[in-house]
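For reference, the chains in residue letters:
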Amino acid sequence: MSPETILRMENIVKTFPGVIANDHINFEVYQGEVHCLLGENGAGKTVLMSILYGLYQPDAGRIYYKGRPITIRSPRDAIRHRIGMVHQHFMLVPTLTVLENLILGQYPFFRILNNLDHVAQKIRAMSEEFGLNVDPYAICGELSVGEQQRVEILKALYHGADLLVLDEPTAVLTPQETSQLLTFLRRLAEKGLTIIFITHKLDEVMMVSDRVTVLRQGKVVATVNTAETNPRELAKMMVGRPVLMELPRTRCAPGEVVLSVRDLHVLDARGLPAVKGVSFDVRANEVVGIAGVSGNGQTELALAIAGLAPVSHGSIHLCGQDVTHLSPRARSQLGMAHIPEDRHGMGVILPFTVAENFILHDYYRPPFAVQQFLQQRAILSYAWELARKFDVRLAHVEESFAHLSGGNQQKAVVARELARRPRFLLVNQPTRGIDVGATEYVLQQILAQRDAGAAVLLISTELEELFAVSDRILVMYEGQIMGEVPPNKELIEDVGLMMAGKSPKSDISSWKPAPRQEIVCEQPIACETIIEDTGDKEKPV
């Protein structure tokens, strides 16, 4: 008996200025299956699903749902057809509570007040069932990125969709939580729910999906049964070339202390303790990874180190100098580069051009500015050189940064920060929402910085990438360091337990990192170089 088709998208075409996002795509999904959608950033996956959800209108093509043609003009239409979507970039109203976001647009206003207690009880029950730990009365804008992702998942499940589209839903979960979610999705599929699962994690594809459709450059490359393929073959179909599944790396002896954090305490946006007495060092020629479920203090730790959040107690030293209360620009002039967790909110200015974003650190210095006037020729020449060197794919450096795909946006941020040849590189969630090809590139760049002598602090919820590039891994839980482990993949389960606040099964207490030189930076930068508004002085290298 052939499976019943619940969704068929025929000859879907969608174009944007200068770009064919979807080029006559044919996509079919069976009732009750988990169907994974793979492809590089810019391949057209999100655009295709946005058409299904009514966020975009196709230029050509038809959608057939449950055996009949439909037109979806808005998300309201999609929800009415019982189609739900968890977006890669959150669709929450930050000033509203979790509860208010879930019921937004669902009930007439006069029924809202009478349903709040019932909705709150349902949210708590669902949170417990799925292990997502969400407070229904929390303000969404005060939640961490990971907590907001959990709200998005709950929001889609709460609306009771028959067809559920999930875009990178496990990015902020521990291995155990990911396994639980994937098991839950399989259980939903067995009950008849149909799931379209967008992910860049090939192991998840193999674990949860029945079939896989691969997109490349807006076209369907292939649709295959998961049981008849493997991660290496899927990766090759995605990027059109073989992809390194294991990154080659050399052993480096750690050098001088570059970053020293002592008894650090930081409050979150609500004024509650987020980082509680954290101490560690990062040395030249090493990558120190920080593992943990998002929402356990990593965001506040990164902001404090970057100078973007105040320190309530403790100290931060960079290259032998106390920078605890210095500005981000002062730290930048000391040789720090920062690749932030939220590239849209803190890493770039979306309406600005790519070239303008490339010079955000040095727009006021020669050769980009002379006597307070921007030098367009120098800016464009520099931008094109960075785009070429770091393989940022774009039509023109004067196009809006918002028009780049997610992977190319991240490459552009990496290009801007690494072009400054930093002494210390702070990296927070560097591969969130980007494809396997861009992930390979970003991780290779991190290793190259380490090999060139930089000290790297890598904060990530992706254990695979932490184990791939870290020299040692610290595990955070509820704002504290639970322990330090070597990058041994056999310990992934133990790290997952520590991320949940539990004791590891293996004995890691006897492990010690390689011997290190107990010295600080040989030539600390003079104090006058860290004063704000230094005019046209050249920054230290």
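Here the structure is a predicted model, which means the values were calculated and not measured. (Residues numbered from 1 in each chain as written. Predicted model: local features only at pLDDT ≥ 70, side-chain atom pairs only at ≥ 80, totals over all residues. Heavy atoms only, no water.)

### Some points on the overall build of the chain
On a plain count of helices and strands, the chain comes out with 17 helices and 22 strands. Sorting the 541 residues of the chain into buried and exposed places 55% on the buried side. Put simply, 68% of the contacts in the chain that link residues at least 6 apart link residues at least 24 apart. When the accessible surface of the chain is split by element, carbon and sulfur atoms take 52% of a total near 24000 Å². (Helix = DSSP H or I, 4+ residues; strand = E, 2+ residues; numbered from the N terminus. Buried < 20%, exposed > 50% of the residue type's maximum accessible area, 1.4 Å probe, protein only. Contact = heavy atoms within 4.5 Å. Areas by Shrake-Rupley, 256 points an atom, 1.4 Å probe, with all protein chains shown as cover.)

### Topic: unusual backbone geometry
Residues P366 and P367 are joined by a peptide bond in cis, for which omega reads 5 degrees. Tracing the backbone through its elements, the reader meets P367 in the loop between helix 12 (354-358) and strand 17 (369-370). Unusually for a residue other than glycine, D263 sits at a positive phi of about 45 degrees. Counting through the fold element by element, D263 comes out in strand 11 (residues 257-267). Overall, the relative accessible area of 35% leaves D263 in the partly exposed class.

### A closer look at the confidence of the model for the chain
This prediction gives the chain a mean pLDDT of 85; 87% of its residues lie at or above 70. Counting interchain partners and residues more than four positions distant, the pLDDT-below-50 stretch residues 515-541 has 55 contacts. (pLDDT = per-residue confidence, 0-100.)

### Observations regarding helix 15 (residues 436-451)
Spanning 16 residues, helix 15 covers 22 Å between terminal C-alpha atoms, matching the ideal 22 Å at 1.5 Å per step. For helix 15, a buried count of 13 out of 16 residues is recorded, marking the element as mostly surrounded by other parts of the structure. Looking one or two residues beyond helix 15, the residue adopting positive phi is G453, at roughly 110 degrees. (Expected span 1.5 Å × (residues − 1).)

### Quick look at the environment of E4
Residue placement: E4 occurs in the segment before strand 1 (5-16). Given a relative accessible area of 56%, E4 falls into the exposed group. Along the chain, E4 and Q31 lie 27 residues apart, while their C-alpha atoms are 5.6 Å from each other. Among all residues touching E4, those that are not within four sequence positions of it are Y30 and Q31.

### Structural notes on the sheet that holds strand 10 (residues 219-225)
An order of 6-7-8-3-9-10 is seen for the six strands of this open sheet, with the pairing classed as mixed. Of all the strands in the sheet, the pair left with one neighbour each is strand 6 (83-86) and strand 10. Neighbour-to-neighbour, the strand axes of this sheet turn through a mean angle of 15 degrees, independent of strand direction. In the sheet, strand 9 (residues 211-216) pairs with strand 10 via six bridges, with the strands oriented antiparallel. Bridge pairing in strand 10 links L215 to V220. In this fold helix 1 (residues 45-52) packs onto strand 3 (34-39), strand 6, strand 7 (163-167), strand 8 (194-198) and strand 9, with an angle of close to 135 degrees to the strand it touches most, strand 3. Across the sheet, helix 8 (residues 231-239) is in contact with strand 3, strand 9 and strand 10; its angle to strand 9 comes to roughly 30 degrees. (Pairing = 2+ DSSP bridges. Axes fitted to C-alpha atoms, helices over the stretch in contact; angles between N-to-C directions.)

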